[in-house]
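Take a look at the letters that make up each chain.
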Amino acid sequence: MDSLFIVMPAYNEEENIEGVVKQWYPVLYGKDEKSRLVIADSGSTDKTHEKLKILQREYPKLEILSETPKQHGPKVIALYDYAIKQGAAYVFQTDSDGQTDPVEFDGFWENRKQYDGIFGYRNAREDGRIRSFVEKIVCFLLRIYFGIKVPDANAPFRLMNVQTVKKYLYKLPSDYHIPNIIITTYFVYYNEKTLFKTISFQSRQGGKNSINILSIIKTGWKALGDFKGMKREMRN
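Residues numbered from 1 in each chain as written. Predicted model: local features only at pLDDT ≥ 70, side-chain atom pairs only at ≥ 80, totals over all residues. Heavy atoms only, no water.

**Details of the overall build of the chain**
- Scanning the chain from terminus to terminus reveals eight helices and seven strands.
- Of all 236 residues assigned to the chain, the portion counted as buried reaches 51%.
- Counting only contacts in the chain whose residues sit at least 6 apart along the sequence, the fraction spanning at least 24 positions is 81%.
- For the chain, the accessible area works out to roughly 11,700 Å², and carbon and sulfur atoms hold 50% of it. (Helix = DSSP H or I, 4+ residues; strand = E, 2+ residues; numbered from the N terminus. Buried < 20%, exposed > 50% of the residue type's maximum accessible area, 1.4 Å probe, protein only. Contact = heavy atoms within 4.5 Å. Areas by Shrake-Rupley, 256 points an atom, 1.4 Å probe, with all protein chains shown as cover.)

**As for the nonpolar core**
- Ranked by size, the top nonpolar core spans 40 residues in total, and within it Y80, L142, I182 and F227 carry the most contacts.
- Broken down by secondary-structure element, the contributors of at least two residues to this core are β1 (4-10), β2 (36-41), α3 (72-85), α5 (129-146), α6 (162-169), α7 (179-189) and α8 (213-235).
- With near-sequence residues (within four places) excluded, F227 lies in contact with L141, L142, Y145, F146, I178, I181 and I182.
- By size, the runner-up hydrophobic cluster in this structure holds 27 residues, among which are V21, Y25, I118 and L159. (Core = buried A, V, L, I, M, F, W, Y, C linked by side-chain atoms within 4.5 Å.)

**Comments concerning the packing of α6 against α7**
- Where α6 meets α7, the axes come as close as 10 Å, and the angle between the chain directions of the two elements is 105°. Classed by the angle they form, the pair α6 and α7 counts as roughly perpendicular. For the pair α6 and α7, contact is made by T164, V165, Y168 and L169 and by I183, Y186 and F187, respectively.
- Split into classes, the residues belonging to the contact of α6 with α7 amount to six nonpolar, one polar and no charged. (Axes fitted to C-alpha atoms, helices over the stretch in contact; angles between N-to-C directions. Parallel < 35°, antiparallel > 145°, perpendicular 65-115°, else oblique. Nonpolar A, V, L, I, M, F, W, Y, C, P; charged D, E, K, R; others polar.)

**As for the packing of aromatic side chains**
- On inspection of all chains with the given rule, the structure shows 21 aromatic pairs.
- Between F5 and Y82, the ring centres sit 6.3 Å apart and the planes meet at 50°, which makes this aromatic pair tilted. In this pair, F5 sits in strand β1 while Y82 sits in helix α3, placing the two residues 77 residues apart along the sequence.
- Aromatic pair F108 and F157: ring centres 4.9 Å apart, planes at 65°, arrangement edge-to-face. One end of the pair, F108, is in helix α4 (residues 105-109); the other, F157, is in strand β6 (residues 157-161), and 49 residues separate them in sequence.
- Here the aromatic cluster, defined as three or more aromatic residues joined through ring pairs, consists of F119, Y145, F146, Y168, Y186, F187, Y189, Y190, F196 and F227. (Phe/Tyr/Trp six-rings, centres within 6.5 Å; stacked < 30°, edge-to-face > 60°.)

**A look at the pattern of salt bridges**
- As enumerated under the stated definition, the model contains nine salt bridges in all.
- With its nearest N and O atoms 3.0 Å apart, the salt bridge here joins D2 to R112. Here D2, found in the segment before β1, pairs with R112, found in the loop between α4 and β5 (117-121); they are 110 residues apart in sequence, far enough to count as distant. Just as D2 is buried, R112 falls in that class too.
- Residue E18 is joined to K22 by a salt bridge in which the shortest nitrogen-to-oxygen separation is 2.9 Å. Within this pair, E18 and its partner K22 are both found in helix α1 (residues 17-24), separated by four residues, close to a single helical turn.
- A cluster of three or more residues bridged by salt bridges with shared partners is formed by D2, R112 and K113. (Salt bridge = Lys/Arg side-chain N within 4 Å of Asp/Glu carboxyl O.)

Okay, here's the thing in structure tokens:
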């Protein structure tokens, strides 16, 4: 039976974290005994960590990574690294803000043998037009720089074969800020077996998003330089 690590970065999600754990934990039922729900919570200034510690009493396969960097991207990298080192067969990444629906996971899991990576596609999203516009710009730039066509590069709903993730994760520095975009790029550019599958995407269930528009613009500007470096590396 295949082991599954569901991984989530968290930061100041005290309003969401209990509901998210209770929604996603049942996905582990029927999976290999080594399967885990792993949440990286480091730097939270609210009661996220305290709530996670309480939840561990009821959910023994819930694990907390508390020594990761504070930023979202490095947390995602640390989570993938943890899944690799723990010997997981598959890793599924989503966020801890309640915007994704665990009901849609089974449609990904049942196709895991046919693909190296199955990536969510948010063809409609309820988190604002600006974020949707930014995602379209990202996909446009990936097409320009790398010649790849993807409908959604950064959706936090992705099931991947760990051995394939391992091929690309360590090309990135541990503090890299947009790992999911680049991992999607690697999968498609190097012709791994990929599927983009439509998912729903709600507005945040509570709390405030720690990533504002100014930070998105700064990240996007830096990404342009990263894309140039990656393109040179890929050609070599």
